Amino acid sequence: MGKVKREISDSKLAFILLLPSGLLILMLIGYPMLSNFYISFFEQPINPNLPADFIGFQNFTETLTDPEFYKSLGLTLLYTVLVVAGSTYLGLYVAILFNRPFRFRKLARSLIILSYVTPSISLIFGWKYMFNNGYGIINYIGRDVLHIFDTPPLWFDDPTSSFVLVVLFAIWRYFPYAFIAFLAILQTISPTLYEAAEMDGANIWQKFKVVTLPAIMPVMMTVITLRTIWMFYMFEDVYLLTNKVNVLGIYLYETAFAFNDLGKASAISVLLFLIICTLIIVIRKRVDLNASS
Amino acid sequence: MKLKMSRIVAFLLVAVTLIGCSSESGSGADGEVTIEFMHTSVEQERLDVINGLISKFEEENPQINIDPVVVEESSLTTKIVTLAQSGKLPEVIEVGQEYAKVMDKDSLIDTEAIKEVVSNIGEDEYYDGALKLVRTEDGESYRGVPISGWVQGIWYNKEMLDSKGFEEPKSWEDVREVAEAFTDKSNQKYGIALPTVENNFSEQAFSQFALSNNANILNSEGNVTLETPEMKEALGYYQELSEYTMPGSNGVTEVKDAFMNDTVPMAMYSTYILPAIYDEGTPENLGYAIPSKEQEAVYGTVSSLTIPAGLENQQKEAAQTFIEFLSEPENATEYILMAPGGAQPVTKSVVENEQYQSNEVIESFGDLSTEIAESFNDIQVFGLVDGKNYVKMGDITSSNAIPIMINKATVGGSSEEEAIEAAKTQLEKVVD
């Protein structure tokens, strides 16, 4: 009897402790979401005192029939897949390399995470200077030192090279997040497991497949899920680096703030929300499958 | 224990409620009023000047408190849209003429309140060039009270031009000749630093060539006129001139760097090049030319202080008092001298002000300072046709269609017809 009472008061306490954060989430996320959903059915002027016209699903149909939207969606999906795969792979690779004692390990670890902790804007300026068409160091090395090309490519003016560069930038910028997560979990794997695998005659790849991968799988899925969400909504990195890679974040921003079409921008964000939700559900399903197998 | 728990809960709830509240403008019971002033002077030394002016104002007007809201220039428009949506626009906003049009279109500006301020200060006080940029489409009122401005033209290095026997380039042909003579691509030397980037900078630079050839984006009926022979000729010329500029999309940084490190002898830039030239110690070597074909066309912009629509009377009057205070010659001079040389006066009283004239940067440029100040009256901008300042030009600029057209023609390898056609299609979405 006493136990039951205790359990009730525990759940009450939990509820009370969760209440403020629940309220905050409702206020800061729930309300804007609902408001955004509501606006997506209107032709919304910037001035809230002017009447907003109800136009039903017109914002959605306009978006869904705009070829630019699909171009942008395709580009964003490709960008997300490449960056998530690249940054996760690189993070894991470096974490495995670092998961052993060597001199200056602490210093090396701090250097590795520099790109992640430095503010975007300074890194972006650094890259823009490196690839500057006039005095960038990349052109200097390629043209004047190694003579790879006479006329250097217009790095951030050509859609293809711009895309490659924004992907490389994002992989380099975000792999330390995966690195930290993987290093932490790698350190929890008991060395005896590897010793046992070795005694069974396992090679490096087999050890990775049988011992490492199952152990890091939950972390890997979390890293992939979060990184997918973050990359799918990416705006500032791409926007500040180039005008030539029109990912969905930029498409949305331009609709809202260049064309001042707030209703359509809201409709786009509702669509993005649905797309990313579906994507995440698919990814999570895969985790469950893996877990059950 | 129970009491403690309920206290904790009460505390947390209060904390949550307090997070949602912040200091906001409003009026107190004792007749005091607090208004917000949103400006873009984020640099510490400029902030000090603005905060100094605010303190001085508050001393003179103890009933009015000013709450400064400092915003990066690049995020100003985003801020305005979001604040307008929630009905929380600050009572005084520093805004450029282009975005003032977008705000005016959505009736976000109290043009009558601004008209009162301008007439209290005196329309005659202002340069015509400054007032016409902020005049409303019906010509009856204003979208903002001009506080400072800048003009843009072709800056040239006198010594470099001399070395090849050139004088100040006066016409399109002169500019092309000089640019061609100095271009040596294998040694990365170019003739002119020309904006080609996909943002307003290119639109502003191109507008000078287009308008000097009588090509405006809108005609006197307010219709888009991109396909005129004059516009095609101007874009063709700009495209040709871009052969003599640095490769790729050139923005503010590239153009300024190329001019400052002698990669080019000429650059299209605003008066904000002057402080850098002063720091280099070569003000006497700088020349200023205006693109000219059928006529001369100077591009310029004014930064104005605007008052949003729908304010309570007390707030509105406080905003008007504050703007009038900032426009007083002594205070306006201090405001302009935050960026001496870069920011240009918009009233004659500032130009005549002793503090302005004795400023070492202004003095060092000698007659050039006067020449630049006077060019304010020759300002022509896209969308200003026969004195009518079309509000839809704000949307056209906002849509970025013109810079994309310029970038396509100069960097993207499109012909001028293709670039114009693409811009026309894009503008059809924006303009009814």
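Numbers given to residues run from 1 along each chain, matching the order in which its sequence is written. The naming scheme follows written order: chains are lettered A onward, ligands numbered 1 onward. Totals for whole chains, interfaces and linings use all residues, but because this is a predicted model, local features are given only for residues with pLDDT of at least 70 and pairs of side-chain atoms are given and counted only at 80 or more. Think of the side-chain values as coming from all heavy atoms in the structure, minus any hydrogens and water.

Right, let's talk about helix H5 (residues 111-121) of chain B for a bit. Residues and elements named next belong to chain B. Buried within H5 we find Thr-111, Ala-113, Ile-114, Val-117 and Val-118. Down the axis of H5, the sector holding all buried residues measures 160°, keeping them to one side. Summarising the contacts, the buried residues of H5 are in contact with helix H4 (97-105), helix H6 (128-134), strand E5 (145-157), strand E9 (299-306) and helix H13 (313-327). Phi turns positive one or two residues past the end of H5, at Gly-122, with a value near 110°. Only protein chains enter the accessibility calculation, which uses a 1.4 Å probe; a residue whose area is less than 20% of its type maximum is buried, one above 50% is exposed, and one in between is partly exposed. Counting from the N terminus, the helices are DSSP H or I runs at least four residues long and the strands are E runs at least two residues long. Note: the arc covers the axis-to-C-beta directions of the helix. Contacts between residues were defined by any pair of non-hydrogen atoms, one from each residue, lying within 4.5 Å.

Residue and element names in this part refer to chain B. Structural elements are reduced to axes, namely lines fitted to C-alpha atoms, with helices fitted over the stretch in contact, and the angle between N-to-C directions of any two is expressed from 0 to 180 degrees. Close contact between helix H20 (residues 401-410) and helix H21 (residues 416-430) brings their axes to 9 Å; oriented N to C, the two are set at 160°. Taken as axis vectors, H20 and H21 run roughly antiparallel relative to one another. When you trace H20 past H21, the crossing you get is right-handed. For the pair H20 and H21, contact is made by Ala-401, Ile-402, Ile-404, Met-405, Lys-408 and Ala-409 and by Ala-419, Ile-420, Ala-422, Ala-423, Gln-426 and Leu-427, respectively. In this classification, Asp, Glu, Lys and Arg are treated as charged, Ala, Val, Leu, Ile, Met, Phe, Trp, Tyr, Cys and Pro as nonpolar, and every other residue, Gly included, as polar. Residue classes in the contact of H20 with H21 are distributed as 10 nonpolar, 1 polar and 1 charged. Our angle categories are set so that under 35 degrees counts as roughly parallel, over 145 as roughly antiparallel, 65 to 115 as roughly perpendicular, and the remainder as oblique. When the near helix sits turned anticlockwise from the far one by under a right angle, the crossing is termed left-handed; a clockwise turn instead gives a right-handed crossing.

All names here are of chain A. Among the residues making up helix H7 (residues 137-145), those that are buried are Asn-139, Gly-142 and Arg-143. Axial view of H7: buried residues confined to an arc of 85°, hence all on one face. Just beyond H7, the residue with positive phi is His-147, at close to 55°.

With that settled, consider the UniProt feature "transmembrane region" (unreviewed entry) in chain A. All names here are of chain A. Taking the numbering used here, the UniProt-annotated feature "transmembrane region" (unreviewed entry) corresponds to residues 12-34, 77-98, 110-130, 163-189, 210-233 and 265-283. The span residues 12-34 is 100% helical and 0% strand by assignment, and the distance between its end C-alpha atoms comes to 29 Å. Along residues 265-283 one finds 100% helix and 0% strand; the C-alpha atoms at either end are 27 Å apart. UniProt positions are given in the numbering used here, feature names are shortened, and annotations may be inferred rather than shown by experiment.

The next subject is a nonpolar patch on the surface. All names here are of chain A. Taken together, the side chains of Ile-25, Met-27, Leu-28, Ile-29, Met-33, Tyr-233, Phe-273 and Leu-274 present a nonpolar region at the surface, about 760 Å² in accessible area. Listed by contribution, the elements that provide at least two residues to the nonpolar patch are helix H1 (2-39) and helix H13 (262-292). Top contributing element to the nonpolar patch by residue count: H1, with 5 residues. When its relative accessible area of 48% is taken as the criterion, Leu-274 is described as partly exposed. The residues that make up patches have over 30% relative accessible area and no salt bridge, and they are joined within 9 Å when like-charged or within 5 Å when they are Val, Leu, Ile, Met, Phe, Trp or Tyr. Computed with the Shrake-Rupley method and a 1.4 Å probe, the accessible areas treat only the protein chains shown as cover for residues. For salt bridges, the criterion is a side-chain nitrogen of Lys or Arg within 4 Å of an Asp or Glu carboxyl oxygen.

So, about the pattern of salt bridges. All names here are of chain B. A complete count under the given rule lists 16 salt bridges over all chains for this structure. Here Arg-46 ties to Glu-43 by a salt bridge, and the two come within 3.7 Å at their closest N and O atoms. Residue Glu-43 is classed as partly exposed on the basis of its relative accessible area of 33%. One salt bridge in this structure joins Arg-176 and Glu-240, with 2.7 Å as the shortest N-O distance. Of this pair, Arg-176 sits in helix H8 (residues 172-182) while Glu-240 is found in helix H10 (residues 229-241), placing the two residues 64 residues apart along the sequence. Note on Arg-176: relative accessible area 17%, which makes it buried. Residue classification places Glu-240 among the partly exposed residues on the basis of a relative accessible area of 34%.

The next subject is the UniProt feature "domain: ABC transmembrane type-1" (unreviewed entry) in chain A. Mapped onto this numbering, the UniProt entry gives "domain: ABC transmembrane type-1" (unreviewed entry) at residues 73-283 of chain A. Each end of residues 73-283 of chain A is marked by a C-alpha atom, and these two atoms are 18 Å apart; helix forms 77% of the span and strand 0%.

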